[in-house]
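One-letter residues, chain by chain:
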Amino acid sequence: MEPSLARVDYLQVGVTAQKTMRLLPASGKKATQKVVVGDQDGVVTCFGIKKGEAVPVFKTLPGQKISRLELGGALNTPQEKIFVAIGSEVRGFTKRGKQFLSFETNLTESIKAMHISGADLFLCASYIYNHYCDCKDQHYFLSGDKINDVLCLPVDKVSCITPVLACQDRVLRVLQGSNLLYEVELPGPPAVLALSNGNGGDSGEEIVYGTSDGKLGVTQITGTKAMPRWEIGNEKKRGGILCIDSFDILGDGVKELLVGRDDGMIEIYNFESADDPVLRHDYALSESISSIQGGCVGKDGYDEILAATYSGWLTGLTTEPVHREGGSGEELKLSQEMQNKISSLRNELEQLQIKVLQEREKYQQSSHSSTAVSSVPAFSVNDKFTLNRDDASYSLILEVQTAIDNVLVQSDVPLDLLDVDKNSAVVSFSSCDSEPNSNFLLATYRCQANTTRLELKVRSIEGQYGTLQAYVTPRIQPKTCQVLQYPIKPLSLHQRIHSIDQDRKGEGYFKSDNISTISILKDVLSKEATKRKINLNISYDVNEESVRHTLKLIHPKLEYQQLLAKKVHLIDALRELQVHEGNLDFLLPKYRSILEEADQLLEEYKRQPAHLERLYGMITDLFIDKFKFKGTNVKTKVPLLLEILDGCDQDGLIAFFDAA
């Protein structure tokens with residue numbers, strides 16, 4: 001059965017971080033639950049819903065931004081104590097809002113992730129994990145890469161305390177005390193962890209993970225090794241996963257998996273069989289989902305999914321029917337409750353309009369005053385710059401709490417800007433003086449009204465490294481701009497691997513199938529060592545067979561792209577023939593199939609317009625680099641190489657590499 005969910009917007013708080021909204025346990029079965037949320041203004045807000053209106057329970061004073069919010073309490077009792085991470089401090093509040101704990105940790109930087117289990121508190125800064133019991137330091141671990149989230153297996157099901165760290169290097173690190181028990185390799189960088197079914201499954205050992213590149217999976221964490229249960233890829237190219245919850249929203253007695261993504265998608269996965277879950281329903285909001293919870297919020301007896309968005313909106317998808325349809329000539333009567341709500345909303349709107357006019361007049365008067373000082377309005381930007389393995393491109397996602405006016409993109413290295421389907425902004429390019437100022441890209445995206453999230457795609461050229469800058473200007477007065485910088489690395493399209501040879505101190509050992517990778521490493525290391533006046537000895541051993549191996553890996557892709565380009569160039573001519581002749585029976589089957597598949601071919605070519613040129617560039621670099629290691633300059637032979645590439649003959653290509 002397809003769930004019928006209606007959207008309800010309850011309240012807006014300040015900008016929220018990941019995992020900062022929870023539902024307090026209900027007082028009775030099917031009773032409504034209170035919502036508690038922490039924002040980046042440092043305010044903890046707790047409220048309930050009565051007659052469709054948000055009624056505050058308590059609200060704390062502003063302060064430092066809240067990075068995490070968790071519920072806790074004694075084991076096997078309702079988890080109704082509220083804990084928030086603010087800077088390097090953890091504060092505790094009762095459900096009535098009374099503060100009972102202020103624990104200043106020994107962390108030198110802000111808390112990024114937090115988990116609570118009874119008297120045990122698990123905290124993570126960027127690279128450091130600390131375990132406290134009754135606010136006393138117990139264990140410590142230094143991670144090899146950034147920690148995104150932390151979780152502990154339920155101690156009532158698993159005999160020992162087993163913390164699990166989600167790390168940026170695509171690894172789950174399973175700990176025992178202060179020691180690393182083992183590592184679990186994942187298909188992408190894990191951004192969020194949750195217990196499977198909310199309790200770790202029957203064994204208590206199952207963990208759900210969501211990755212920053214949109215993959216979802218479950219793995220079982222045993223005492224000696226991890227056993228993967230299932231994994232779902234990101235075929236629809238949706239955003240990264242920020243939050244996960246388990247709740248029976250369909251009412252079939254089995255908890256569904258609720259997933260919130262950074263592109264505003266809310267997904268419901270149903271376990272129809274014992275195997276992989278199936279996507280049953282999805283709903284799109286206009287901004288990233290920072291927290292998601294399943295429960296009963298708006299009205300007794302009606303379950304719903306509550307989501308907190310980046311800009312602070314608390315939005316419910318409720319099972320309560322809110323739409324009524326009438327037949328022709330039938331009069332729809334609104335309930336007294338609905339009439340009162342419409343009336344109060346109209347009054348609120350009128351008051352807001354009057355307030356806006358008053359503030360505008362006040363601003364106009366002060367702007368013409370000789371003594372007035374204009375203050376720069378502060379605004380926060382939620383940004384993400386990630387590599388997409390599938391199409392060797394980078395996604396730059398910019399999200400602002402208010403509407404974006406324009407974004408100017410500048411780079412000191414050559415970059416290609418690629419089309420993004422979700423992007424409705426108008427882009428205009430400016431001419432660049434690349435030689436004296438190293439300015440290779442200057443483009444402006446003008447956003448449509450009420451756009452708060454912008455996604456860009458860029459593709460870099462390996463070996464050319466520098467900085468990409470984004471100048472973000474929102475629709476606020478006075479006009480203010482925030483500059484964000486992203487490094488383009490020398491090996492920008494490479495991804496780390498997990499198994500590496502151990503290097504000795506002061507020594508590095510690099511291996512690659514592609515000689516161009518080694519050439520880039522050699523050039524960059526030499527340049528950086530010279531800049532810093534470091535004496536560096538580089539020796540290399542080139543295996544001739546590796547060049548043939550790389551060419552054999554590239555050639556099928558080259559062949560496919562050349563065939564695609566030829567087909568696309570024939571489409572216009574074949575369509576003209578179709579118009580003039582009408583009947584195409586005289587055409588060969590291969591030409592008829594090109595016409596039949598024309599739309600798919602054009603779509604594929606549009607998705608990767610410069611793919612063929614890039615493959616030509618890779619093979620040309622491989623040719624130049626092979627002979628560079630021998631001390632020979634073969635740039636004069638490049639035109640000959642390009643002629644052979646046009647012929648698309650693998651044996652002829654390998655023979656040319658050997659003979660040159």
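Our subject is the structure that appears above.
Procedures and definitions
- Residues numbered from 1 in each chain as written.
- Predicted model: local features only at pLDDT ≥ 70, side-chain atom pairs only at ≥ 80, totals over all residues.
- Heavy atoms only, no water.
- Helix = DSSP H or I, 4+ residues; strand = E, 2+ residues; numbered from the N terminus.
- Buried < 20%, exposed > 50% of the residue type's maximum accessible area, 1.4 Å probe, protein only.
- Contact = heavy atoms within 4.5 Å.
- Lys, Arg positive; Asp, Glu negative; His and termini not counted.
- Charge placed at Lys NZ, Arg CZ, Asp CG, Glu CD.
- Pairing = 2+ DSSP bridges.
- Axes fitted to C-alpha atoms, helices over the stretch in contact; angles between N-to-C directions.
- Parallel < 35°, antiparallel > 145°, perpendicular 65-115°, else oblique.
- Nonpolar A, V, L, I, M, F, W, Y, C, P; charged D, E, K, R; others polar.
- Arc of directions from axis to C-beta.
- Salt bridge = Lys/Arg side-chain N within 4 Å of Asp/Glu carboxyl O.
- Core = buried A, V, L, I, M, F, W, Y, C linked by side-chain atoms within 4.5 Å.
- Expected span 1.5 Å × (residues − 1).
- Polar contact = N/O pair within 3.5 Å; in protein donor to acceptor, adjacent residues only side chain to side chain.
- Phe/Tyr/Trp six-rings, centres within 6.5 Å; stacked < 30°, edge-to-face > 60°.
- Patch = residues over 30% accessible without salt bridge, like charges linked within 9 Å, V, L, I, M, F, W, Y side chains within 5 Å.
- Areas by Shrake-Rupley, 256 points an atom, 1.4 Å probe, with all protein chains shown as cover.

Asker: How do you make sense of the overall build of the protein chain when you look at a structure like this?
Answerer: Looking only at helices and strands, one finds nine helices and 37 strands in the protein chain. Dimensions of the protein chain, computed from C-alpha atoms along their principal axes, come out at roughly 85 × 70 × 70 Å. In the protein chain, buried positions account for 45% of the 660 residues. Restricting to contacts in the protein chain with at least 6 residues of sequence separation, those with at least 24 account for 53%. Of the side chains in the protein chain, 74 bear a positive and 89 a negative charge, and the two mean positions are spaced by 4 Å.

Asker: What's the story with the sheet that holds strand 19 (residues 206-211) in this structure? I'm lost.
Answerer: To summarise the sheet geometry, strands pair through backbone hydrogen bonds and adopt either a parallel or an antiparallel arrangement. Reading across from one edge, 18-19-20-21 is the order of the four strands in this open sheet, with antiparallel pairing throughout. Strand pairing shows two members of the sheet lacking a second neighbour, strand 18 (190-195) and strand 21 (226-232), which therefore form its edges. With direction set aside, neighbouring strand axes in the sheet form an average angle of 25°.

Asker: Would you mind going over the packing of helix 4 (residues 544-581) against helix 5 (residues 589-596) with me for this structure?
Answerer: Helix-helix packing is characterised by the crossing angle of the two axes and by the distance between the axes. It is at 9 Å that the axes of helix 4 and helix 5 come closest, and there the two elements cross at 95°. Judged on the interaxial angle alone, helix 5 and helix 4 are roughly perpendicular. Residues Lys-567, Leu-570, Ile-571, Leu-574, Arg-575 and Gln-578 of helix 4 form the contact with helix 5, whose own contacting residues are Tyr-591, Ile-594 and Leu-595. In the contact of helix 4 with helix 5, the residues fall into six nonpolar, one polar and two charged.

Asker: What should I look at first to understand helix 8 (residues 638-647) in this one?
Answerer: For an α-helix the count is 3.6 residues per turn, leaving residues at separations of three or four pointing the same way. Within helix 8, burial applies to Val-638, Leu-641 and Leu-645. Seen along its axis, helix 8 keeps its buried residues to an arc of 55°; they face one direction. Structural note: helix 8 exposes Glu-643 and Gly-647 on the side pointing more than 90 degrees away from its buried face. Close packing links the buried residues of helix 8 with helix 4, helix 7 (611-628) and helix 9 (650-659). Once helix 8 finishes, Cys-648 follows within two positions and takes phi at roughly 60°, a positive value.

Asker: Where do I start with the pairing of strand 12 (residues 128-133) in this structure?
Answerer: Remark: a regular strand shows side chains that alternate across the two faces of the sheet. Across the six residues of strand 12, five count as buried, placing the element largely inside the fold. Alignment of strand 11 (residues 120-124) against strand 12, held across five bridges, turns out to be antiparallel. Among the inter-strand pairings, Asp-120 is bridged to a residue of strand 12, identified as Cys-133. Here strand 11 hands over to strand 12 after three residues, the two strands then running antiparallel side by side. Relative to strand 13 (residues 136-142), strand 12 runs antiparallel, the two being bridged by six bridges. Residue pairing for strand 13: Ile-128 is matched across the bridge by Leu-142. Remark: two residues form the turn of the hairpin made by strand 12 and strand 13, two consecutive strands paired antiparallel; Asp-134 in that turn has positive phi of roughly 50°.

Asker: Please explain the sheet that holds strand 12 as it appears in this structure.
Answerer: Here four strands make up an open sheet; going across it, the order is 10-11-12-13 and the pairing antiparallel. In this open sheet, the two edge strands, each paired with only one partner strand, are strand 10 (113-117) and strand 13. Across the sheet, the mean angle from the axis of one strand to that of its neighbour is 15°, orientation sign disregarded.

Asker: What is the right way to look at the environment of Asp-202 in this model?
Answerer: Mapped onto the elements, Asp-202 comes out in the loop between strand 18 and strand 19. Residues Asp-202 and Lys-157, 45 residues apart in the sequence, show an inter-C-alpha distance of 8.5 Å.

Asker: I would appreciate a short explanation of the pattern of salt bridges in the present structure.
Answerer: When the charged atoms of two side chains with opposite charge come close together, those side chains can pair. This model, assessed by the stated rule, comprises 29 salt bridges. Put simply, Asp-262 and Arg-453 hold a salt bridge, and the shortest N to O gap is 3.5 Å. Of this pair, Asp-262 sits in the loop between strand 23 (256-261) and strand 24 (265-270) while Arg-453 is found in strand 35 (residues 453-460), placing the two residues 191 residues apart along the sequence. Relative accessible area serves as the criterion here: at 7%, Asp-262 is assigned to the buried category. With a shortest N-O distance of 3.1 Å, Asp-523 and Lys-628 are connected by a salt bridge.

Asker: Just checking my understanding: could you explain the nonpolar core for this structure?
Answerer: Side chains of a nonpolar character, in soluble globular proteins, are inclined to be buried together. With 28 residues, the main nonpolar core has Leu-398, Val-407 and Leu-468 as its most contacted residues. Among the elements of the structure, strand 29 (381-388), strand 30 (393-400), strand 31 (404-411), strand 32 (415-418), strand 34 (441-446), strand 35, strand 36 (466-474) and strand 37 (482-488) are those that each provide at least two residues to this core. Counting residues per element, this core draws most heavily on strand 30, at four residues. By size, the runner-up hydrophobic cluster in this structure holds 21 residues, among which are Val-547, Leu-615, Phe-623 and Phe-657.

Asker: Explanation requested: unusual backbone geometry in the structure shown.
Answerer: A negative phi angle is the norm for most residues apart from glycine, just as the trans form is the norm for most peptide bonds. Phi angles above zero are rare outside glycine, and Asp-134 is one such case at about 50°. Structurally, Asp-134 can be placed in the loop between strand 12 and strand 13. The exposure class of Asp-134 is exposed, given its relative accessible area of 53%. Unlike most non-glycine residues, Cys-135 shows phi in positive territory, near 65°. On the secondary structure map, Cys-135 appears in the loop between strand 12 and strand 13.

Asker: I keep staring at helix 4 and nothing clicks. Help me out?
Answerer: If you check helix 4, its first and last C-alpha atoms are 55 Å apart, about what 38 residues at 1.5 Å a residue would give, namely 56 Å. Between the side-chain oxygen of the N-cap and the backbone nitrogen of Glu-545 there are 3.0 Å, and the N-cap of helix 4 in question is Asn-543. Of the residues flanking the end of helix 4, it is Gly-582, one or two places downstream, whose phi is positive at about 80°.

Asker: Any chance you could explain the pairing of strand 27 (residues 304-309) here in plain terms?
Answerer: In terms of burial, strand 27 is largely enclosed, as six of its six residues are buried. Alternating residues of strand 27 divide into Glu-304, Leu-306 and Ala-308 and Ile-305, Ala-307 and Thr-309, and every residue in both groups is buried. Pairing of strand 26 (residues 289-295) with strand 27, which is carried by six bridges, proceeds in the antiparallel orientation. Of the residues in strand 27, the one forming a bridge with Ser-291 is Ala-308. Here strand 27 folds back onto strand 28 (residues 313-318) in antiparallel fashion, the turn holding three residues, of which Gly-312 has a positive phi close to 100°.

Asker: Before we go on, may I ask you to explain the side chain of Asp-625 in this structure?
Answerer: Take Asp-625: it is sitting in helix 7. Given the relative accessible area of 10%, Asp-625 is considered buried. Apart from the residues within four sequence positions on either side, Asp-625 is in contact with Ile-515, Ser-516 and Ser-519.

Asker: Hey, could you run me through the environment of Asp-433 in this one?
Answerer: Position of Asp-433 among the secondary structure elements: in the loop between strand 33 (426-429) and helix 2 (434-437). Not counting residues up to four positions away in its chain, the partners in contact with Asp-433 are Ser-438 and Asn-439.

Asker: What is the right way to look at the packing of aromatic side chains in this model?
Answerer: Given two aromatic rings, one states the distance between the centres and the angle between the planes to describe the pair. Summed over the entire model, instances satisfying the criterion amount to 10 aromatic pairs. Grouped by ring-pair contacts, the aromatic residues Phe-623, Phe-627, Phe-656 and Phe-657 constitute a single cluster.

Asker: What exactly am I supposed to notice about a nonpolar patch on the surface here?
Answerer: Together, Phe-510, Leu-525, Leu-536, Ile-538, Tyr-540 and Val-542 give the surface a local cluster of nonpolar side chains, amounting to about 510 Å² of exposed area. Assignment of secondary structure puts Ile-538 in the loop between helix 3 (515-531) and helix 4. Note on Ile-538: relative accessible area 36%, which makes it partly exposed.

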